[in-house]
Amino acid sequence: MTTGIDTVHVALGTRSYDVRIGRGLLARAGAEIAPLLARRRVAVLTDETVAGLHLDALQDGLGDVEMTALALPAGEATKGWEQFSRAVDWLLAEKVERRDIVVALGGGVIGDLGGFAAAVLRRGVRFVQIPTSLLAQVDSSVGGKTGINSTHGKNLIGAFHQPALVLADIDILGTLPARDFLSGYGEVVKYGLLGDAAFFDWLEENGPALAAGDPVARQYAVRRSIEMKARIVERDETEQGDRALLNLGHTFCHALEKATGYSDRLLHGEGVAIGCVLAFELSQRLGLCSQEAPSRVRAHLKAMGMKVDLADIPGDLPGADALIALMGQDKKVVDGKLRFILARGIGDAFVSGDVPGDAVRAVLDEALRARL
Ligand code: GLY
């Protein structure tokens, strides 16, 4: 373990790129990005909150690379056609050319929208992700999923467009509100649960230090998460199979997010954490894993002060059948059958397209009863 800068290479042939992870990367953004530049100029898409916190530092870090920037409103509502077309029109007005670089400086919303803008601008320009949330650092900035939301659901409009470089600056995480940090931690835990039991052991031991701000622990957790994502994306870039493992907990999560109106009642990573517990409970009900596995997942999340149960979501929730219906518009539906990521144990997840509806209903019924 080191506080130097780590590099995870994502090997995808002509679409390969490096993810750089470490402290002080914003301050050396010019040196990091320079090898990609055809001319010394970048266009930055960001949001108003992130701009207030980090845009000056990025400008300084870019040195003599000229920077132009557009700050969109912060929040999930930005991730729709209106702000997307505003961003694309701005990039055209700024005369961003085919060989130029677009920089997405922000969390998942800006990364997804900015990446999609880069994917369609002049039929595709390269872009650099500078993720500013833990969730974006360990998940959405890597792997090339870009897009915006539709009235029909989240992320239903988009493209696979790999970044040319990702700069995950660990120091940036220090500006996150505790709830946002812990929400991103839900995605970190997911990696241990889906494919690396030793990483989950490490998180049980080091999670509290990581949450308290230990930069060495933070860097290791971000690096390990990105390594795992990179290896999965290399095997299955466009989610024909194995990439769906990254959706552990997400089928439950998306139903809960819809039921709570994508509001402050439940942040995405909080839904992933609860979804992981439910996925392990479903696996246990199906006889795939021992009772100890879901108990251990729940105990770790609780120890971290995270949401664990449906009872931790404030306000009303619909019944089990309504929640199952909300899973129906999810992209993980294939030929009308619900796909779940199940587990044989911690670190041993697999994709199943054949889950009995009764078992899903029973898990949700039990979880909802515990709210009463
Ligand atoms: N966030 C899941 C994936 O990138 O496939």
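Everything numeric here is computed off the predicted structure, so don't read it as measured data. (Residues numbered from 1 in each chain as written. Predicted model: local features only at pLDDT ≥ 70, side-chain atom pairs only at ≥ 80, totals over all residues. Heavy atoms only, no water.)

(A) Representation of helix H13 (residues 357-369). Helix length check: H13 (13 residues) gives 18 Å between terminal C-alpha atoms against 18 Å at 1.5 Å per residue, within 8%. For H13, the complete set of buried residues consists of Ala359, Val360, Val363, Leu364, Ala367 and Leu368. Along the axis of H13, the buried positions cluster into a sector of 165 degrees, meaning they face one direction only. Across from the buried face of H13, at angles greater than 90 degrees, the exposed residues are Asp358 and Arg369. In this structure, the buried side of H13 is in contact with helix H9 (250-259), helix H10 (268-285), helix H12 (320-326) and strand E12 (340-345). (Helix = DSSP H or I, 4+ residues; strand = E, 2+ residues; numbered from the N terminus. Expected span 1.5 Å × (residues − 1). Buried < 20%, exposed > 50% of the residue type's maximum accessible area, 1.4 Å probe, protein only. Arc of directions from axis to C-beta. Contact = heavy atoms within 4.5 Å.)

(B) Representation of the sheet that holds strand E1 (residues 6-10). In spatial order, the strands read E1-E2-E9-E6-E5-E3-E4; together these seven strands make up an open sheet with mixed pairing. Strands with a single pairing partner mark the edges of an open sheet, and in this sheet they are E1 and strand E4 (66-72). Each strand of the sheet is rotated relative to its neighbour by a mean of 20 degrees, with strand direction disregarded. Judged from the six bridges that link them, strand E5 (residues 101-106) and strand E6 (residues 126-131) form a sheet pairing that is parallel. (Pairing = 2+ DSSP bridges. Axes fitted to C-alpha atoms, helices over the stretch in contact; angles between N-to-C directions.)

(C) Here's a closer look at the side chain of glutamine 137. Turning to its location among the elements, glutamine 137 is positioned in helix H5 (residues 134-140). Residue class for glutamine 137 comes out buried when judged on its relative accessible area of 0%. Polar side-chain contacts of glutamine 137 include one of 3.2 Å to the backbone oxygen of proline 131. Ignoring sequence-local partners within four residues, the contact set of glutamine 137 consists of Pro131, Val142, Ala168, Asp169, Ile170, Leu173, Val222 and Ile226. (Polar contact = N/O pair within 3.5 Å; in protein donor to acceptor, adjacent residues only side chain to side chain.)

(D) Looking closely at the side chain of serine 133. As for its position among the elements, serine 133 is in the loop between E6 and H5. Side-chain polar atoms of serine 133 contact the backbone nitrogen of alanine 136, separated by 3.0 Å. Once residues lying within four places of it in the same chain are set aside, the contact partners of serine 133 are Gly106, Gly107, Gly108, Leu173 and Leu176.

(E) Up close: the environment of serine 263. For serine 263, the location among the structural elements is in the loop between H9 and H10. Residue classification places serine 263 among the partly exposed residues on the basis of a relative accessible area of 27%.

(F) Fine view of the site of the ligand. Lining the immediate surroundings of the ligand are Asp139, Lys145, Lys229, Glu239, Arg243 and Leu246. At a separation of 2.9 Å, an oxygen atom of the ligand approaches a polar side-chain atom of lysine 145. Between lysine 229 and the ligand, the recorded distance is 2.6 Å, taken from a side-chain N or O atom to an oxygen atom. For the ligand, the accessible surface in isolation is 200 Å², of which the surrounding protein chains cover 89%. Looking at the shell around the ligand, its residues break down into one nonpolar, no polar and five charged. (Near = heavy atom within 4 Å. Areas by Shrake-Rupley, 256 points an atom, 1.4 Å probe, with all protein chains shown as cover. Nonpolar A, V, L, I, M, F, W, Y, C, P; charged D, E, K, R; others polar.)

(G) Broad picture of the packing of aromatic side chains. By the definition in use, this model includes six aromatic pairs. Aromatic side chains tryptophan 81 and phenylalanine 84 sit 6.0 Å apart centroid to centroid with 70 degrees between the ring planes, which places their arrangement in the edge-to-face category. Here phenylalanine 84 and tryptophan 81 lie together in helix H3 (residues 81-93), a separation of three residues that amounts to about one turn. According to the relative accessible area criterion, tryptophan 81 is exposed, its value standing at 52%. On the basis of an interplanar angle of 20 degrees and a centroid distance of 6.1 Å, the ring pair of phenylalanine 199 and tryptophan 202 is categorised as stacked. With a gap of three residues between them, phenylalanine 199 and tryptophan 202 both fall in helix H7 (residues 197-212), about one helical turn apart. As far as burial versus exposure is concerned, phenylalanine 199 and tryptophan 202 are alike and both buried. Chaining the aromatic ring pairs together yields one cluster made of Trp81, Phe84 and Phe116. Of note, lysine 190 hangs over the ring of tyrosine 191, and the distance from its end group to the ring centre comes to 4.9 Å. Directly above the ring of phenylalanine 350 sits arginine 344, whose terminal nitrogen or CZ lies 4.1 Å from the centroid. (Phe/Tyr/Trp six-rings, centres within 6.5 Å; stacked < 30°, edge-to-face > 60°. Lys NZ or Arg CZ within 6 Å of the ring centre and 35° of its normal.)

It is worth stressing that arrangement in space is one thing and function is another; only the former is reported here.
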